[in-house]
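The primary structure of each chain is shown beneath.
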Amino acid sequence: MVGCLMRGEIGGARLDVFEKEPDVPKELFALDNVVLSPHRAVHSQETMLALRDLVVGNLELSSQINPY
């Protein structure tokens, strides 16, 4: 993808996940057609509330299951 962006074969990209995190290909920093941002979607209020609900639901289910 880096090569395609550099050659203009891809018009642009907004990237927040990389193949070998935390190492970002240095070539991407010099490109005007690329926006880089940290991978932080999980830290929004909505996702934290959804995560809380998932954990609580799993705890409630596990307390109802008797493995013996």
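Residues numbered from 1 in each chain as written. Predicted model: local features only at pLDDT ≥ 70, side-chain atom pairs only at ≥ 80, totals over all residues. Heavy atoms only, no water.

A. The arrangement of the confidence of the model for the protein chain in detail. For the protein chain, the mean per-residue pLDDT works out to 86, and 90% of the residues sit at or above 70. Of all the helices and strands in the protein chain, helix α2 (residues 45–64) carries the lowest mean pLDDT, 89, while helix α1 (residues 2–7) carries the highest, 94. (pLDDT = per-residue confidence, 0-100. Helix = DSSP H or I, 4+ residues; strand = E, 2+ residues; numbered from the N terminus.)

B. Focus on the side chain of Ser-37. Take Ser-37: it is sitting in the loop between β2 (34–36) and α2. A polar contact of 2.8 Å, which involves the side chain of Ser-37, links it to the side chain of Arg-14. Not counting residues within four places of it along the chain, the set of residues in contact with Ser-37 comprises Arg-14, Leu-15 and Asp-16. (Polar contact = N/O pair within 3.5 Å; in protein donor to acceptor, adjacent residues only side chain to side chain. Contact = heavy atoms within 4.5 Å.)

C. Here's a closer look at a nonpolar patch on the surface. Taken together, Met-48, Leu-51, Leu-54, Val-55 and Leu-59 make up a surface patch of nonpolar side chains, about 450 Å² in accessible area. Considering the arrangement of structural elements, one finds Leu-54 in helix α2. (Patch = residues over 30% accessible without salt bridge, like charges linked within 9 Å, V, L, I, M, F, W, Y side chains within 5 Å. Areas by Shrake-Rupley, 256 points an atom, 1.4 Å probe, with all protein chains shown as cover. Salt bridge = Lys/Arg side-chain N within 4 Å of Asp/Glu carboxyl O.)

D. The arrangement of the environment of Val-34 in detail. Looking at the secondary structure, you find Val-34 in strand β2. Overall, the relative accessible area of 10% leaves Val-34 in the buried class. The spatial distance from the C-alpha of Val-34 to the C-alpha of Met-6 is 9.7 Å, given a sequence separation of 28 residues. Ignoring any residue separated from it by four or fewer positions in sequence, one finds Val-34 in contact with Leu-5, Ala-13, Leu-15 and Leu-28. (Buried < 20%, exposed > 50% of the residue type's maximum accessible area, 1.4 Å probe, protein only.)

E. Looking closely at the nonpolar core. Grouped together as the largest cluster of nonpolar side chains are seven residues: Leu-5, Ala-13, Leu-15, Phe-18, Leu-28, Leu-31 and Val-34. Apart from residues no more than four positions distant in its own chain, Ala-13 is found in contact with Leu-5, Asn-33, Val-34 and Val-35. (Core = buried A, V, L, I, M, F, W, Y, C linked by side-chain atoms within 4.5 Å.)

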